[in-house]
Amino acid sequence: MPELPEVETIKRELAPHLKGEIIREVVIRRKEIVGFPKIQLFKQKVIGKRIKEVERRGKYLILRLSDGSRLIFHLKLSGRLFLIDGEESPKHERIRFLLNQRNLSFVEPRMFGRVFLVEGEVPRVLKGWQELGPEPLSRAFNQSFLREKLRGRKGKIKFLLLDQRIGCGIGNIYADESLFLARINPERTGGSLTQEEIARLVRAIKKVLRKAIRHKGTTLSDYFRPDGKEGGFQSLLRVKDREGEPCLVCGELIQKIRIGNRSTHLCPRCQR
Ligand SMILES: [Zn+2]
């Protein structure tokens, strides 16, 4: 699933191509891809609008339109946004926005992803949007925020980091990588973390996310950039997908366990 660094990369790479473009036509190939409103209204409200800005919030990609409305994309597990020249339609294309220069294609093999048109109030179908926590790379995501969120919590820290009210934009890959860098065992309860560990975790999260953005995200299977290329962070992963390989710090073998229903990778020696 694309996480914060992947969606941020998509945003940065789409922005120069989309900003200032006018949406001339919308081709909907599967109507379920539009989460809100109904497709007729969606088309009517989107066609003719200029794309003013390309933004990101958590794992959502946002196109801000000339009338102040927003097209919000949630890529979920396997959604991809491609810039397409010409008429050919990629496999699993669900919706296409025809622009002046190039076209924007939303490809989603598994059909969990959605696009929403939001004017003012965010509709209830966009579950969780209102409750998103602060952006991890903003100043608001700091030691006192995390301490407040983890205080007294009996849930495992790995699980809590995936909660978008706490780790906004963080998913399975960057939760594991951050906990490794902070030397914290993912099975610890949130409430058991010391002040120093919370400070380390905040620093680790910011460091891992920044580095992943610099390397244009992690391609393990489903994530591709708008030009179809892979990200570059997969070769820099220290625990994720390295089960049975030696820890790069201590040489102990990386383990894979399950927390909730999520696979979790850790070094049992480095992470206490
Ligand atoms: Zn280790």
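To be clear, the structure that these remarks concern was listed above.
Residues numbered from 1 in each chain as written. Predicted model: local features only at pLDDT ≥ 70, side-chain atom pairs only at ≥ 80, totals over all residues. Heavy atoms only, no water.

Engineer: Outline unusual backbone geometry, listing residues and values.
Structural biologist: Here Phe 36 and Pro 37 are connected by a cis peptide whose omega angle stands at -15 degrees. Inspection of the secondary structure puts Pro 37 in the loop between β2 (34-36) and α2 (39-46). Located in the positive-phi region is Lys 76, a residue other than glycine, with phi close to 50 degrees. Assignment of secondary structure puts Lys 76 in the loop between β5 (70-74) and β6 (80-84). Among the residues examined, Lys 76 registers a relative accessible area of 31% and is labelled partly exposed. (Helix = DSSP H or I, 4+ residues; strand = E, 2+ residues; numbered from the N terminus. Buried < 20%, exposed > 50% of the residue type's maximum accessible area, 1.4 Å probe, protein only.)

Engineer: I'd love a proper account of the coordination of the zinc ion, names of residues and values included.
Structural biologist: The zinc ion binds to the protein through Cys 247 (SG), Cys 250 (SG), Cys 267 (SG) and Cys 270 (SG); the donor distances cover 2.2 to 2.4 Å. Geometry at the zinc ion is tetrahedral, judged from its four donor atoms and the angles of 100 to 113 degrees they form at the metal. Considered as a linear motif, the donors of the zinc ion on their single chain read C-x2-C-x16-C-x2-C. Residue Cys 250 is located in the loop between α6 (195-214) and β10 (255-259), and its partner Cys 267 is located in the segment after β11 (262-266); the two are separated by 17 residues in the primary sequence. Judged by relative accessible area, Cys 250 falls into the partly exposed class, the value being 25%. For Cys 267, a relative accessible area of 0% corresponds to the buried category. (Donors = N, O, S within 2.8 Å, 3.2 Å for Na, K, Ca; no water. Tetrahedral: all angles 85-135°; square planar, octahedral: opposite > 155°, others 65-115°.)

Engineer: Tell me what's going on with the environment of Val 26, and back it up with residues and numbers.
Structural biologist: Tracing the backbone shows Val 26 in strand β1 (residues 25-28). Leaving out residues up to four positions away in the same chain, Val 26 has contacts with Phe 42, Lys 43, Val 46, Ile 47, Ile 95, Arg 96 and Phe 97. (Contact = heavy atoms within 4.5 Å.)

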